[in-house]
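Residue strings, one per chain:
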Amino acid sequence: MFNNLSEKLDKALHTLRGRGQITEINVAETTKEIRRALLDADVNFKIAKEFTNRVKEKAIGQDVLTSLQPGQLMVKIVKDELTELMGGDAEGIDLSGNPSVILMSGLQGSGKTTFSGKLANFLKRKKSKNPLLVACDVYRPAAIDQLHVVGDQIGVSVYSDKENKNPVSLAQAGIAHAKANGHNVVIIDTAGRLAVDQEMMDEISNIRDAVKPQEILFVVDSMTGQDAVNTAKSFNDVLDFDGVVLTKLDGDTRGGAAISIKSVVDKPIKFIGTGEKMDAVDIFHPARMADRILG
Ligand code: GDP
């Protein structure tokens with residue numbers, strides 16, 4: 001995960017490690033290399049620039065130049081700033097409803113159905129919840145079948161109705177089914193498209209308005225870097241979602257989406273997907289991720 005970025009940041013900071021005294025020129029060179037590493041990781045230019053400016057200011061402000069261990073102090077400054085950039089403290093999801101309704105959004109192929117299963121599995125095993133998965137993709141019967149396969153794998157019920165072609169009434173019927181059968185969480189898997197389009201946005205907005213979910217999660221493939229960030233912005237402008245799910249981190253060597261999505265949409269990354277299996281999911285902890293990136 002993010003191997004390229006880790007290596008490059010390590011190299012940038014390496015020249016400062018073990019040094020007794022450093023100069024302002026050393027700090028400038030290091031921050032320039034950090035900026036290059038971020039750009040290589042597919043972080044947007046403006047974000048990378050602002051980030052390195054903050055690091056530089058802090059380094060000078062915190063007396064890195066006169067510190068006995070300037071290298072270590074610099075690593076700490078970069079780690080703190082990375083944590084802040086990725087979202088500060090970890091945030092949970094709202095499970096206060098009865099049932100709590102969680103609406104999934106995102107493009108086709110982003111990993112929505114897989115994550116819906118992972119989240120149901122997580123809530124069942126770790127939070128002792130009794131979730132219901134609801135299939136609202138009325139265009140692709142295969143997507144409905146896929147959700148049933150996922151439900152069977154984790155032992156979670158799935159509500160679907162292939163005769164019903166209205167996603168809003170499907171979502172409502174799913175919630176009514178949950179209430180009648182004692183499910184305290186409803187996870188609604190919606191239809192995605194290959195690219196952002198008005199019809200998809202209207203459809204999911206209509207579902208949102210009808211079911212008033214406690215949580216709207218936006219699911220995105222982390223390997224798509226700045227595209228992921230742009231898609232997040234389009235969805236957030238319409239949906240004002242509550243949190244981001246970054247999938248396929250196991251295949252992401254660059255890390256640009258994880259680093260910049262929060263500062264663009266001002267919404268936290270709540271979960272990460274780290275594989276195809278149902279247990280390959282984690283709550284996102286910015287500080288832990290920064291630790292991992294900086295080794
Ligand atoms: P959807 O169209 O948004 O519902 O996407 P799917 O859930 O069908 O996922 C698309 C593909 O990505 C499938 O082959 C999944 O197995 C795969 N996938 C989903 N999440 C992850 C992940 O975290 N890691 C990896 N490696 N693959 C994933």
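Everything discussed here concerns the structure shown above.
Small disclaimer: the values here were computed from a predicted structure and weren't measured.

(A) A look at the sheet that holds strand β8 (residues 281-283). Read from one edge of the open sheet, eight strands run β3-β2-β4-β1-β5-β6-β7-β8, paired in mixed fashion. Every other strand in the sheet has two partners, leaving β3 (157-159) and β8 as the edge strands with one partner each. For this sheet, the mean inter-axis angle between neighbouring strands, taken without regard to orientation, is 25°. Sheet topology note: the strand β5 (residues 215-221)/strand β6 (residues 243-247) ladder contains five bridges and is parallel. Note that in β6 the partner of Val220 across the bridge is Leu246.

(B) Summary view of the site of the ligand. Taken together, 17 residues lie near the ligand, and Gly109, Thr113, Thr114, Asp250 and Glu276 sit nearest. Here Asp250 contributes a side-chain N or O atom positioned 2.7 Å from a nitrogen atom of the ligand. The separation between an oxygen atom of the ligand and a polar side-chain atom of Glu276 is 2.7 Å. Here the ligand has 580 Å² of accessible area as a free molecule, and 79% of this is covered by the chains. For the shell around the ligand, the element with the highest residue contribution is helix α5 (residues 112-126), accounting for four residues. Residue composition of the shell around the ligand, by class: one nonpolar, ten polar and six charged.

(C) Quick look at the packing of aromatic side chains. Evaluation of the coordinates by the stated rule reveals four aromatic pairs. Three or more aromatic residues link up through ring pairs in this structure, and these residues are Phe115, Phe122 and Phe271. Sitting over the face of the ring of Tyr139, Arg193 holds its NZ or CZ atom 4.9 Å from the ring centroid. The ring of Phe241 carries Lys267 above its face, with NZ or CZ at 5.4 Å from the centroid.

Quick notes on the rules
- Residues numbered from 1 in each chain as written.
- Predicted model: local features only at pLDDT ≥ 70, side-chain atom pairs only at ≥ 80, totals over all residues.
- Heavy atoms only, no water.
- Pairing = 2+ DSSP bridges.
- Helix = DSSP H or I, 4+ residues; strand = E, 2+ residues; numbered from the N terminus.
- Axes fitted to C-alpha atoms, helices over the stretch in contact; angles between N-to-C directions.
- Near = heavy atom within 4 Å.
- Polar contact = N/O pair within 3.5 Å; in protein donor to acceptor, adjacent residues only side chain to side chain.
- Areas by Shrake-Rupley, 256 points an atom, 1.4 Å probe, with all protein chains shown as cover.
- Nonpolar A, V, L, I, M, F, W, Y, C, P; charged D, E, K, R; others polar.
- Phe/Tyr/Trp six-rings, centres within 6.5 Å; stacked < 30°, edge-to-face > 60°.
- Lys NZ or Arg CZ within 6 Å of the ring centre and 35° of its normal.

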